[in-house]
Amino acid sequence: MRYTEYRDAIRSELRHNSAGLTWAQLRSRLGLPYDRPCPAWTKQLENDIGLERKKGGGRSLLWQVGKRGRVA
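Our subject in this report is the structure included herewith. Computed from a predicted model, the values in this text were never measured in an experiment.

### A short note on the packing of helix 1 (residues 3-15) against helix 3 (residues 39-49)
Item 1. The contact between helix 1 and helix 3 brings their axes to 11 Å, and the two run at 60°. It follows from the interaxial angle that helix 1 and helix 3 lie oblique. As helix 1 runs across helix 3, the sense of the crossing is right-handed. Along its contact with helix 1, which presents Y3, Y6, R7, I10 and R11, the element helix 3 presents W41, Q44, L45, D48 and I49.

Below, the structure is given as structure tokens:
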């Protein structure tokens, strides 16, 4: 999977779930082949689509698309 495919899939899924999703939920829904998100790609998502990660329940982080990522 290339970064652009990963980015587009994450952005699309998060746009449809404005409350946010955990990494485990994203991985399951999108059938991603990764156990954990790549730190470099995650940082790039922050810049490209306005990815925001906020504290969720327990130890989880909720991934959300910032306002910048919802426009395009």
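### Thoughts on the pattern of salt bridges
Item 1. Going through the model one piece at a time under the given rule, you end up with six salt bridges.
Item 2. Between R11 and D8 there is a salt bridge, with the nearest N and O atoms lying 2.9 Å from each other. Of this pair, R11 and D8 are both found in helix 1, three residues apart, which corresponds to roughly one turn of the helix.
Item 3. Classification of R11 by relative accessible area gives buried; the value is 17%.
Item 4. Salt-bridge contacts for R53 lead to E46; the nearest nitrogen and oxygen are separated by 3.1 Å.
Item 5. A single network of salt bridges, built from pairs that share partners, joins R7, D8 and R11.

The rules we used
- Here the residue numbers are simple positions, counted from 1 along each chain's written sequence.
- With the structure being a predicted model, the display of local features is reserved for residues of pLDDT at least 70 and the display and counting of side-chain atom pairs for 80 or more, all residues being used for whole-chain, interface and lining totals.
- Side-chain numbers come from the whole structure's heavy atoms, not from hydrogens or water.
- Only the contacting stretch of a helix is used when fitting its axis, a line to C-alpha atoms as for every element, and angles between N-to-C directions run 0 to 180 degrees.
- Here a helix means four or more residues in a row that DSSP labels H or I, a strand means two or more in a row labelled E, and each is numbered from the N terminus.
- The labels follow the angle: roughly parallel below 35 degrees, roughly antiparallel above 145, roughly perpendicular from 65 to 115, and oblique for the rest.
- Each helix crossing is assigned a hand: it is left-handed if the near helix lies turned anticlockwise from the far helix by less than a right angle, otherwise right-handed if that turn is clockwise.
- Only heavy atoms matter for contacts: two residues are in contact if any of them lie within 4.5 Å across the pair.
- Salt bridges are defined by distance alone: a side-chain nitrogen of Lys or Arg within 4 Å of a carboxyl oxygen of Asp or Glu.
- Accessibility here uses a 1.4 Å probe with only protein chains present; expressed as a share of the type maximum, an area under 20% marks a residue as buried, one over 50% as exposed, and anything in between as partly exposed.

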